[in-house]
Amino acid sequence: MMLQDMVKGLDATRPVTCGMDQIGCVLDNGFAASLDIPGFNYKPQYYEKAYAMLPQRMILGSETASTVSSRGVYHFPVSFEVEHNQVTHPDNQSSSYDNEACYWSNTPDIDFYMDEQPWVLGQFVWTGFDYLGEPSPYDTDAWPSHSSVFGIIDLASLPKDRYYLYRSQWNKVDETLHVLPHWNWKGREGEVTPVMVYTSYPKAELFINGKSQGIREKNDSTLQTRYRLMWNETRYEAGVLKVVAYDSEGKVAAEKVVKTAGKAHHLVVTANTDNLKADGDDLAYLTVQVADKDGNIVPTDSRRVKYSVSGAGSFEATANGDPTCILPFQNPEMDLFSGAATAIVRSGKEPGDITFTVTAKGVKPATYKITVK
């Protein structure tokens with residue numbers, strides 16, 4: 001109360017909240033009831049109990065989810081059965097099937113469900129981006145793990161699959177249709193390899209090499225099926241995954257295709273912008289990947305790439321999103337992780353063009369130009 005009164009003394013126009021994780025204590029001792037807006041960390045399974053007890057008749061998810069995943073890494077078998085699903089793997093990576101969390105946290109689905117309750121104000125997800133430190137669940141005798149994997153976006157600013165799960169729920173303007181996992185699984189032929197679709201559409205049909213695997217429709221049988229379309233028994237065979245999404249009237253609305261990539265052939269560069277300001281401070285983020293001769297991205301490539309930058313700008317930094325990678329960010333080279341890395345270039349103070357070139361052993365180089373003006 002003292003701290004709340006202090007805040008109100010400085011600005012009486014704003015409500016006061018607090019992120020609380022010891023939910024039993026703060027409900028029993030009256031602390032939660034004393035706040036303008038009670039905020040709870042990682043306790044969505046207790047929201048209904050708290051709502052029934054609190055006079056405010058509202059709850060804020062002040063810190064939510066902390067699902068763990070490593071971009072482009074998938075572990076088998078896939079299970080949602082273990083409470084909280086805190087598991088570790090020999091590669092020190094967490095699965096991008098978005099079915100793993102720490103013992104104190106949870107996957108996003110229960111937070112989505114609670115967000116639908118009219119008395120829940122919303123949520124703040126921990127966290128938007130991965131960050132250095134706190135490498136849970138690999139935080140004990142797990143060197144070189146040294147960054148978190150809580151992020152919706154990884155340490156290299158690349159979206160994880162989970163980004164599209166949130167997008168499918170929160171973006172009410174643009175439709176979402178995202179397929180996982182990748183479809184390069186040499187050695188898993190014939191083995192169960194579940195396919196999931198994160199989409200804003202209500203249902204979709206999955207095809208593997210032209211053969212239908214059936215239609216899945218969002219339903220209330222589990223929290224996962226309420227927000228994800230899942231084909232849990234599909235078996236891997238190299239070729240083409242195709243997903244056809246249907247709208248609420250049952251009409252074909254969108255399609256997505258994922259192909260098994262062949263042998264690495266050339267590097268590919270994409271960028272978040274083609275234009276920078278000539279102020280010495282503007283940044284461009286360039287994604288580097290490897291493609292086969294037909295242009296299909298190779299999602300498992302891990303070769304080292306090297307950068308050179310010339311013209312009206314300079315190399316700034318690089319990362320690959322791998323929480324176990326200890327290559328320095330400031331050197332103009334990086335190992336690809338799950339087939340990708342990010343390079344950052346900085347504009348100079350004079351107009352002109354930046355030429356960004358990336359090379360690697362065994363594949364053709366790529367060049368990208370950015371205008372500075």
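The structure this text deals with has already been given above.
All values reported here derive from a predicted model rather than from experimental measurement. (Residues numbered from 1 in each chain as written. Predicted model: local features only at pLDDT ≥ 70, side-chain atom pairs only at ≥ 80, totals over all residues. Heavy atoms only, no water.)

Colleague: Residues and numbers for the nonpolar core, please.
Modeller: Core analysis: the biggest nonpolar cluster contains 30 residues, and Val179, Trp183, Val195, Val197, Trp231, Leu241 and Val243 have the highest contact counts within it. Breaking this core down by element, the ones donating at least two residues are α6 (161-170), β5 (177-180), β6 (195-199), β7 (203-208), β9 (229-231) and β10 (240-246). The residues contacting Val195, other than those within four sequence positions of it, are Val179, Leu180, Pro181, Trp183, Leu206, Leu229, Met230, Trp231, Thr234 and Leu241. Among the nonpolar cores identified, the runner-up in size contains 29 residues, and Val305, Tyr307, Ala312 and Val345 belong to it. (Core = buried A, V, L, I, M, F, W, Y, C linked by side-chain atoms within 4.5 Å. Buried < 20%, exposed > 50% of the residue type's maximum accessible area, 1.4 Å probe, protein only. Helix = DSSP H or I, 4+ residues; strand = E, 2+ residues; numbered from the N terminus. Contact = heavy atoms within 4.5 Å.)

Colleague: I'd love a proper account of a nonpolar patch on the surface, names of residues and values included.
Modeller: On the surface, Met2, Leu3, Met6 and Leu10 cluster together into a nonpolar patch covering about 520 Å² of accessible area. Within the fold, Met6 resides in helix α1 (residues 2-10). (Patch = residues over 30% accessible without salt bridge, like charges linked within 9 Å, V, L, I, M, F, W, Y side chains within 5 Å. Areas by Shrake-Rupley, 256 points an atom, 1.4 Å probe, with all protein chains shown as cover. Salt bridge = Lys/Arg side-chain N within 4 Å of Asp/Glu carboxyl O.)

Colleague: Can you explain the packing of helix α5 (residues 108-115) against α6? Please cite residues and give values.
Modeller: At a minimum axis distance of 12 Å, the contact between α5 and α6 shows a crossing angle of 10 degrees. In this view, α5 runs roughly parallel relative to α6, as classed from their interaxial angle. Across the interface between the two elements, Pro108, Phe112 and Asp115 of α5 pack against Arg162, Leu165, Tyr166, Gln169 and Trp170 of α6. Split into classes, the residues belonging to the contact of α5 with α6 amount to five nonpolar, one polar and two charged. (Axes fitted to C-alpha atoms, helices over the stretch in contact; angles between N-to-C directions. Parallel < 35°, antiparallel > 145°, perpendicular 65-115°, else oblique. Nonpolar A, V, L, I, M, F, W, Y, C, P; charged D, E, K, R; others polar.)

Colleague: Outline the packing of aromatic side chains, supporting the account with residue identities and numerical values.
Modeller: In this structure the tally under the stated criterion is 17 aromatic pairs. Ring plane angle 75 degrees and centroid distance 5.3 Å describe the contact between Phe112 and Tyr166, whose orientation is recorded as edge-to-face. Separated by 54 residues along the polypeptide, Phe112 in helix α5 and Tyr166 in helix α6 bring together distant segments of the chain. For the pair Phe112 and Tyr166, a shared accessibility class is recorded, and that class is buried. Each member of the aromatic cluster is reached from another via a ring pair, and the members are Tyr42, Trp104, Trp126, Tyr131 and Phe150. (Phe/Tyr/Trp six-rings, centres within 6.5 Å; stacked < 30°, edge-to-face > 60°.)

Colleague: So what about the environment of Leu60? Which residues, and what values?
Modeller: As for its position among the elements, Leu60 is in strand β3 (residues 59-65). Look at Leu60 and you get buried, because its relative accessible area is 11%. With residues up to four places along the chain from it excluded, the contact list for Leu60 reads Thr17, Ile37, Pro38, Gly39, Phe40, Tyr47, Leu121, Gly122 and Phe124.

Colleague: So, the sheet that holds β7: which residues are in play, and what are the values?
Modeller: Spatial ordering of the open sheet is given by β8-β7-β10-β11, a layout of four strands whose pairing is antiparallel. The open sheet is flanked by β8 (211-217) and β11 (252-259), the only strands paired with a single partner. Sheet twist, expressed as the average angle between the axes of neighbouring strands with direction ignored, equals 15 degrees. For β7 and β10, the ladder comprises six bridges, and the chain directions are antiparallel. If you follow Leu206 over to β10, its bridge partner there is Val243. (Pairing = 2+ DSSP bridges.)

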